[in-house]
Amino acid sequence: MRFKEKNGVLEIYLEGRIDSQNAAEFEAEIMKVMDSHPSMDLLVDATDLAYISSAGLRALIKMRKRIGKPIRIREVSPEIYEIFETTGFTELFQVERKMRRVSVEGCEVLGEGFYGTVYRLDPETIIKVYNSPFALDLIQNEKKMARAAFISGIPTAISYDIVRVDGHYGAVFELLDCRSFNDIIIDEPERAEELLQQYVAFLKQIHDTVMKPGTAPSAKQRFLDYVDVIRESLPDDIYHKLKKILETIPESDHVIHGDYHMKNVMLQNGEPMLIDMDNISLGHPIFDLQALYVTYKAFGEDDPGNSEAFLGMSSELTDFIWKRIKELYFETTDPEVLEKKEDQIRVVAGVRFMYLLVVSGMKETELGKLRIKHTVEHFRELLDKLETLV
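Not measured: the values here are computed from a predicted model.

(A) Spatial organisation of the sheet that holds strand E7 (residues 116–122). Sheet architecture is open: five strands sit in the order E6-E7-E8-E10-E9, paired in antiparallel fashion. Each of the sheet's edge strands pairs with one partner strand only, and the pair in question is strand E6 (108–112) and strand E9 (161–165). The sheet shows a mean angle of 30° between the axes of neighbouring strands, taken without regard to direction. By the bridge criterion, five bridges tie strand E8 (residues 125–130) to strand E10 (residues 168–174) in an arrangement that is antiparallel. Within the sheet, the bridge partner assigned to Val-129 lies in E10 and is Gly-170. Strands in contact with helix H5 (residues 136–151) are E8, E9 and E10; relative to E10, the strand with the most contacts, it is inclined by about 20°.

Here it is as structure tokens:
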């Protein structure tokens, strides 16, 4: 047995066999380690555990009683998982089966997001590799949300396997012969209008879809929580005005994707399909439109090269995309109507933009400080002339 501390978690690595011959020694050693690291969460890694007897299981039970809270046991072989399941350990511990290892070396990168990177493994499958080595909960949640969306009639890719990629978790999806709207519009700019019409029509289909209350989180509550996260970067009057104006948005049981940029919408056999379901929620359409503004406008405001770096598009193309999204979604080209709609969207977009800057640590960079300064200035201008975001 060996152990180490990582990100405030005590990781214990089991090796070889734990049986009647060494269980007492194992128990004494593990209690000693736990006593020297009081109050820390435990993670048990069973990658190299070949066998465990009932005496070893009793030692794990004592660990569970000592810490007084659930213990996660990962990388459990099929043979040992069967022992855990038969003895009821899967109800007492958070037991995770050993996952197959996958390499993404040399694979095409399809997109990069806040939580991870999407690669094409082969012509039939893609894999999303999460940044955090503790991302299993994110993957399980995305799978749950994707399934709920699919059952509700929204075409979406659902992960069929969870794998390990260089110490990180990856979710594997089957996507046959598909490309993102982002890549197609770059390679075939003459199809821009056709693609944008299909893209916006699919967004409206999503917003017309209703889920049972409680199936997914409230988008409105999520953004109210975001305001609390960014409060230290806001003047008090702006903080209170944001809270008040967000409250004017009614709750709704309609589906919100949460990050509907063109890298997250695939075209498969001529039909659109959603990926990246981390941020599925229920609410008003403004909570999707804000993410489009963040992607196609906000990130490029103080960094003109951002759209080229992230999307592979010129700023002229992203400006055109945002303009046509507004016109197609609201079914008007009236500049006054669209300006008011954009002002309302920009308030919500500013909240998410600042949230991303704060939680990612970008706020400490010179560019991040400039972005926060300008976002606060936008808030002050917009909140003085808007009474509602609906």
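(B) Spotlight on the pattern of salt bridges. Per the counting criterion, the structure on display carries 34 salt bridges. When the shortest N-O distance is used, the salt bridge between Arg-2 and Glu-15 registers 2.9 Å. In this pair, Arg-2 sits in strand E1 (residues 2–6) while Glu-15 sits in strand E2 (residues 9–18), placing the two residues 13 residues apart along the sequence. The exposure class of Glu-15 is partly exposed, given its relative accessible area of 40%. Across the salt bridge formed by Lys-326 and Glu-342, the nearest N and O atoms sit 2.5 Å from each other.

(C) Structural view of the environment of Ser-180. Relative to the helices and strands, Ser-180 resides in strand E11 (residues 178–180). The exposure class of Ser-180 is buried, given its relative accessible area of 3%. For the pair Ser-180 and Glu-85, spaced 95 residues apart in the sequence, the C-alpha separation amounts to 41 Å. Apart from the residues lying within four places of it in its own chain, the contact partners of Ser-180 are Met-262, Lys-263, Val-265 and Met-266.

(D) Region of the structure containing the pairing of E1. Alignment of E1 against E2, held across five bridges, turns out to be antiparallel. Across the sheet, the residue bridging to Lys-4 is Glu-11, located in E2. The loop that links E1 with its antiparallel partner E2 comprises two residues; one of these, Asn-7, has a positive phi angle of about 55°.

(E) Structural detail: helix H7 (residues 192–208). Taking 1.5 Å of rise per residue, 17 residues should cover 24 Å, and H7 covers 24 Å from first to last C-alpha, within 8% of that figure. Along H7, the positions that sit buried rather than exposed are Ala-192, Leu-195, Leu-196, Tyr-199, Val-200, Phe-202, Leu-203, Ile-206 and His-207. The buried side chains of H7 occupy one side of the element, clustering within an arc of 155° when seen end-on.

(F) Quick look at the nonpolar core. Counting 75 residues, the largest nonpolar core has Tyr-199 and Leu-234 as the members making the most contacts within it. Broken down by element, the residue count for this core peaks at eleven residues, all from helix H13 (residues 335–360). The next biggest cluster of nonpolar side chains, apart from the first, holds 29 residues, and it includes Leu-42, Leu-60, Ile-67 and Ile-73.

(G) Local environment of the side chain of Ser-53. The residue Ser-53 is located in the loop between strand E3 (41–52) and helix H2 (54–67) in this model. Excluding residues that lie within four positions of it along the chain, Ser-53 makes contacts with Ile-18, Asp-19 and Ser-20.

(H) Quick peek at the sheet that holds strand E14 (residues 271–274). With antiparallel pairing, three strands are arranged side by side in an open sheet as E11-E13-E14. Since the sheet does not close on itself, it has two edges, and those belong to E11 and E14, each with one partner. For this sheet, the mean angle separating the axes of adjacent strands, direction not counted, is 35°. Direction of pairing for strand E13 (residues 265–268) relative to E14: antiparallel, over a ladder of four bridges. Looking at the pairing, Val-265 lines up with Leu-274 of E14. This element, H7, spans E13 and E14 of the sheet and lies at about 50° to E14.

What counts, and at which threshold
- Residues numbered from 1 in each chain as written.
- Predicted model: local features only at pLDDT ≥ 70, side-chain atom pairs only at ≥ 80, totals over all residues.
- Heavy atoms only, no water.
- Pairing = 2+ DSSP bridges.
- Helix = DSSP H or I, 4+ residues; strand = E, 2+ residues; numbered from the N terminus.
- Axes fitted to C-alpha atoms, helices over the stretch in contact; angles between N-to-C directions.
- Contact = heavy atoms within 4.5 Å.
- Salt bridge = Lys/Arg side-chain N within 4 Å of Asp/Glu carboxyl O.
- Buried < 20%, exposed > 50% of the residue type's maximum accessible area, 1.4 Å probe, protein only.
- Expected span 1.5 Å × (residues − 1).
- Arc of directions from axis to C-beta.
- Core = buried A, V, L, I, M, F, W, Y, C linked by side-chain atoms within 4.5 Å.

Functional significance is not addressed by these values, which are geometric in nature.
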